[in-house]
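Topology and contacts: notes
Spelled out from the first residue to the last, the chains are:
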Amino acid sequence: MTKKKDMRPEDFTIDTAAQKMIIRAEELGIGTAFTRASDMVPCNIGGAGMCCKLCGMGPCRLTKDGQTGVCGATIDTIQARNFIRAIAAGSAAHSDHGRDMAFTLKAVANDEAEGYVIRDVAKLRTVAAYYDIPIEDRSPKEIANDLADLYIAQFGQQKGEVALVKRAPSKRQKLWKETGVVPRGVDRETVEALHRTHIGDDQDYKHLMQHAVRTALADGWGGSLIATDISDILFGTPAPVLGQANLGVLREDMVNVVVHGHEPTLSQMVVAASQDPEIIEYAKSKGAKGVNLSGICCTANEILMRQGIPAAGNFLHQELSILTGAVEAMVVDVQCIMQALVMLAENFHTKIITTSPKVKIKGATHIEFDEHRALSVAKEILKAAIDNYENRGKTSIPHEREDLIPGFSHEYINYMLGGSYRASFRPLNDAVISGRIRGVAAIVGCNNPRSKQDYLHTYVTEKLLKEDVLVVETGCGAIASAKLGFLLGEAGLNKVGPGLKEVCETVGIPPVLHMGSCVDNTRILTVLTQIVEEGGLGDDIDQVPAVGLAPEWMSEKALSIGTYCVASGAYVIFGGASPISGMPDRVADSDEVLHYLSEGWEELYGGKMEFIQDPDEMIRLTLEHIDKKRAELGLPEYKPEGFGRSGDARMLELEAMPVFDRRAALYGVAAN
Ligand code: SF4
Ligand code: MSK
């Protein structure tokens, strides 16, 4: 990528609120990730996965045909090692989040966690039943204690199979056994990934990539799924609520506290504390009307989809929210937190408060979170923010904010399609079979300042909706759509194709379903599994007309998610350049691993991973894959002209007609 000196705000982002903050930063002479990315030319050798720095004989940069590292490592070995190390880091991040959730569940079950309760007993019983934990005549805490023990044991398990794998379609489980990729224990696979990539270990790229799959499966069907299950049990399984997104959710007259990161254990408690009369009174005593809480990144998704707490923005909004000058405290835990926040905050009164025992940032205030006294810690944090209100200087809060309806857990999707009387995925499967819904796309993942913020997410989403593709979203991608008004229920239906519109009108859903945070990509796996189990769309995930896309990805977690989705049978398209693309003009054999992720993995798992830069090509490949899967299932060819006349649409049309014309239209009676 070339250095871009003269970029305008609209080249950095399509979000007008973000553009205003980028202009403010420029006026104040402050750098942001947008300008730093513009100034920092990425290394094209490292970027292509062609550099190895695993030992002191290197770093070795392989830029010539047939060249090897000092140890003799070939380009394919180096690329595979770089790739699996990224997956190990991504899987570790998600899984460690799951581990913390499991410890919290254990503490709640034993009355050792101040302020927490088991909110969703039905989900607790459902999840416990997957593992034959007795549920009849037992209290929720007894069941929770057993479930916590079982989940904690998955991390340190050395042999056998991670228990959660049994929740995948049975055909898929069999395939994983045959290909030797069933994870044995969550931690074991990550440790082994690091061992295998030490100097002088595994040096067969296919063998390395097999373990990459096992490490990623330990995330998707292990640590992440544990995190999602326990979040729902403790804080409630999401169901649709009204929320808002973008920087306009910040308030001039209230103490603004932004929670940022990933783990809901703290943020949920901050939500509870912010509504405590003692805290509200304290804020009033300092001249504010109360505490206004909002979120950034996946913490935003966690509290948005459960309590409707507004999202101030996605990944690239973390600095921009501070630039408003209106944030008293940004409270962070783990993952996706830029170190730049602390230096940026020095220009304002904002306190950056780190809370995780795993994450400290030089210059930030550290108030350590402890689930045993969570409410007290949350109040302490809020009081520090309130005390800072009087230090607020000039503010500049953009007005932009959009309504949205998040909260489509797989449980709610099941319910919404048939009510409690006959909850089922049948209507969804039937809509796909008939062609009203051409297929399903999961559009997920981060922002990346190397790509215009939100542009690829929303461009791809908009085009696929027009093609009758139902879109489900998580993470920062979901917030991108929210900011642009795609998650607005029936109000967004003018943006979709005729068949999908009929389905959305009939069921009463938006065409883009917000399914949560990045660990909640497991909800998408569960939806795909339920589609398979419902029948009519094949007997494994790779047969479902569905595609996963991460158009603006940047994190190692995204690579882990993509890999477990491929191993689960999905076609996954990443935007931008591949981290192991090689540079074909310099090294002829440097794309072997890249091809293996596509054709090689497709042969083994029925899913494949590709990196595509052009959004129109992403859309073309998505539709081509969906239509191919439809044809393989023997489903009718997609023909949109047959749809679009649902009851609701017809009623609205009739209501708009003069009464005589309406009679004529309804009964064939001539107007007279
Ligand atoms: Fe170079 Fe081999 Fe050491 Fe890597 S492991 S830095 S290729 S000598
Ligand atoms: S927070 S991992 S930028 S989605 Fe989950 Fe967003 Fe990506 Fe972080």
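Residues numbered from 1 in each chain as written. Chains lettered and ligands numbered in written order. Predicted model: local features only at pLDDT ≥ 70, side-chain atom pairs only at ≥ 80, totals over all residues. Heavy atoms only, no water.

1. Here's the deal with the overall build of the chain
- Secondary structure summary: the chain contains 27 helices and 16 strands in total.
- Its C-alpha radius of gyration of 25 Å places the chain within 12% of the 26 Å reference for a compact globule of 672 residues.
- At a minimum sequence separation of 6, the contacts of the chain that also span at least 24 residues come to 75%.
- Averaging the positions of the 70 positive and the 90 negative side-chain charges in the chain gives two centres separated by 2 Å. (Helix = DSSP H or I, 4+ residues; strand = E, 2+ residues; numbered from the N terminus. Rg over C-alpha atoms; globule rule 2.2 N^0.38 Å. Contact = heavy atoms within 4.5 Å. Lys, Arg positive; Asp, Glu negative; His and termini not counted. Charge placed at Lys NZ, Arg CZ, Asp CG, Glu CD.)

2. Things to note about the site of ligand 1
- The environment of ligand 1 is made up of 13 residues, and the closest members are Cys52, Cys55, Gly58, Cys60 and Cys71.
- Of the residues contributing to the shell around ligand 1, the split by class is 10 nonpolar, 2 polar and 1 charged.
- Three or more residues apiece are contributed to the shell around ligand 1 by two domains, here domain 1 (4-61) and domain 2 (75-235). (Near = heavy atom within 4 Å. Nonpolar A, V, L, I, M, F, W, Y, C, P; charged D, E, K, R; others polar. Domains from an automatic or database assignment.)

3. What to know about the packing of aromatic side chains
- Using the criterion set out here, one finds 13 aromatic pairs in the structure.
- Consider the rings of tyrosine 205 and tyrosine 596, whose centres lie 5.5 Å apart with planes at 90 degrees: the pair is edge-to-face. Remark: tyrosine 596 occurs in helix 24 (residues 592-605) and tyrosine 205 occurs in helix 10 (residues 205-235); sequence separation between them is 391 residues. As far as burial versus exposure is concerned, tyrosine 205 and tyrosine 596 are alike and both buried.
- Centroid distance tyrosine 455 to tyrosine 459: 5.5 Å. Interplanar angle 35 degrees. Geometry classified as tilted. One end of the pair is tyrosine 455 and the other is tyrosine 459, both in helix 19 (residues 455-466) and 4 residues apart, which spans about a single turn.
- Assessed through its relative accessible area of 31%, tyrosine 455 is described here as partly exposed.
- Of the aromatic side chains, those joined through ring pairs into one cluster are Tyr130, Tyr131 and Tyr151.
- One residue, lysine 452, lies across the ring of tyrosine 455, its end atom 5.3 Å from the ring centre.
- Here lysine 608 stacks its cationic end above the ring of tyrosine 571, 4.5 Å away from the centre of that ring. (Phe/Tyr/Trp six-rings, centres within 6.5 Å; stacked < 30°, edge-to-face > 60°. Buried < 20%, exposed > 50% of the residue type's maximum accessible area, 1.4 Å probe, protein only. Lys NZ or Arg CZ within 6 Å of the ring centre and 35° of its normal.)

4. Remarks on the site of ligand 2
- Around ligand 2 there are 13 residues in total, and His262, Cys298, Cys336, Cys476 and Cys518 lie nearest to it.
- Of the residues in the shell around ligand 2, the class split is 8 nonpolar, 4 polar and 1 charged.
- Taken domain by domain, the shell around ligand 2 gets at least three of its residues from each of domain 3 (243-391) and domain 4 (405-576 + 613-641).

5. Thoughts on the domain arrangement of the chain
- Domain annotation for the chain reports domain 1 (4-61), domain 2 (75-235), domain 3 (243-391) and domain 4 (405-576 + 613-641).
- In this assembly, 17 residues from domain 2 lie in contact with 18 residues from domain 3.
- The junction of domain 2 with domain 3 conceals about 1,400 Å² of combined surface from both sides, 51% of it contributed by carbon and sulfur atoms.
- Per-residue buried area on domain 2 facing domain 3 is highest for Glu114, Tyr116 and Phe235; these three make up 41% of the total on that side.
- Across the contact surface, domain 2 and domain 3 share 3 salt bridges.
- Across the pair lysine 358 and aspartate 100 runs a salt bridge, and its minimum N-O distance is 2.6 Å.
- Run the count over domain 2 and domain 3 and you get 9 residue pairs in polar contact (both at pLDDT 80 or more).
- Looking at which element gives the most residues to the side of domain 2 that touches domain 3, the answer is helix 5 (residues 75-109), with 9 residues. (Buried area = accessible area lost by both parts, 1.4 Å probe. Salt bridge = Lys/Arg side-chain N within 4 Å of Asp/Glu carboxyl O. Polar contact = N/O pair within 3.5 Å; in protein donor to acceptor, adjacent residues only side chain to side chain.)

6. Quick word on the packing of helix 6 (residues 121-130) against helix 10
- It is the contact of helix 6 with helix 10, at a shortest axis distance of 7 Å, that shows an interaxial angle of 145 degrees. Helix-helix and strand crossings are classified by hand; for helix 6 and helix 10 the assignment is left-handed. Contact residues: helix 6 offers Lys123, Leu124 and Val127, while helix 10 offers Asp229, Asp232 and Ile233.
- Classifying every residue of the contact of helix 6 with helix 10 gives 3 nonpolar, no polar and 3 charged. (Axes fitted to C-alpha atoms, helices over the stretch in contact; angles between N-to-C directions. Left-handed = near helix turned anticlockwise from the far one by under 90°.)

7. Some words on the pairing of strand 4 (residues 255-260)
- Burial runs high along strand 4: 6 of the 6 residues are buried.
- With burial as the criterion, each face of strand 4 is covered, one bearing Val255, Val257 and Val259 and the other bearing Asn256, Val258 and His260.
- Examined bridge by bridge, strand 4 and strand 7 (residues 327-332) share 5 bridges and lie parallel to one another. Bridge pairing in strand 7 places histidine 260 opposite valine 332. (Pairing = 2+ DSSP bridges.)

8. Quick look at unusual backbone geometry
- Residue proline 59 follows glycine 58 across a cis peptide bond; omega there is -5 degrees.
- Of note in this structure, aspartate 132 is not a glycine but carries a positive phi near 60 degrees.
- Counting through the fold element by element, aspartate 132 comes out in the loop between helix 6 and helix 7 (140-156).
- Unlike most non-glycine residues, cysteine 336 shows phi in positive territory, near 70 degrees.

9. Some thoughts on the sheet that holds strand 11 (residues 439-443)
- Taken together, 6 strands build an open sheet; the order of strands is 13-12-11-14-15-16 and the sheet is parallel. Of all the strands in the sheet, the pair left with one neighbour each is strand 13 (512-514) and strand 16 (608-612). On average, adjacent strands in this sheet sit at an angle of 20 degrees to one another, irrespective of strand direction.
- Strand direction decides the pairing type here: strand 11 and strand 14 (residues 546-550), joined by 4 bridges, are parallel. Pairing of alanine 442 across the sheet is with glycine 548, part of strand 14.

10. Observations regarding helix 10
- Over its 31 residues, helix 10 runs 42 Å from end to end, which matches the ideal 45 Å to within 8%, given 1.5 Å per residue.
- Taken across its 31 residues, helix 10 has 28 buried, putting it largely inside the fold.
- A side-chain oxygen of the first residue of helix 10 lies 3.0 Å from the backbone nitrogen of lysine 206; this N-cap is aspartate 204. (Expected span 1.5 Å × (residues − 1).)

11. Comments concerning the pairing of strand 5 (residues 291-296)
- In terms of residue burial, strand 5 counts as a mostly covered element, since 6 of its 6 residues are buried.
- In this structure, strand 4 lies alongside strand 5, joined through 6 bridges in parallel fashion. Opposite valine 255, over in strand 5, you have valine 291 as the bridge partner.
- Here strand 5 runs beside strand 6 (residues 311-313); their pairing, made up of 2 bridges, is parallel. Along strand 6, the bridge assignment pairs isoleucine 296 with glycine 313.

12. Some thoughts on helix 21 (residues 498-507)
- Those residues of helix 21 not exposed but buried are Gly499, Leu500, Glu502, Val503, Cys504 and Glu505.
- Downstream of helix 21 by one or two residues, glycine 508 has phi in the positive range, about 85 degrees.

13. Quick notes on the environment of asparagine 448
- Here asparagine 448 is to be found in the loop between strand 11 and helix 19.
- For the pair asparagine 448 and leucine 316, spaced 132 residues apart in the sequence, the C-alpha separation amounts to 7.5 Å.
- Apart from the residues within four sequence positions on either side, asparagine 448 is in contact with Leu316, Glu552, Trp553 and Met554.
- Separated by 2.9 Å, the side chain of asparagine 448 and the backbone nitrogen of arginine 450 make a polar contact.

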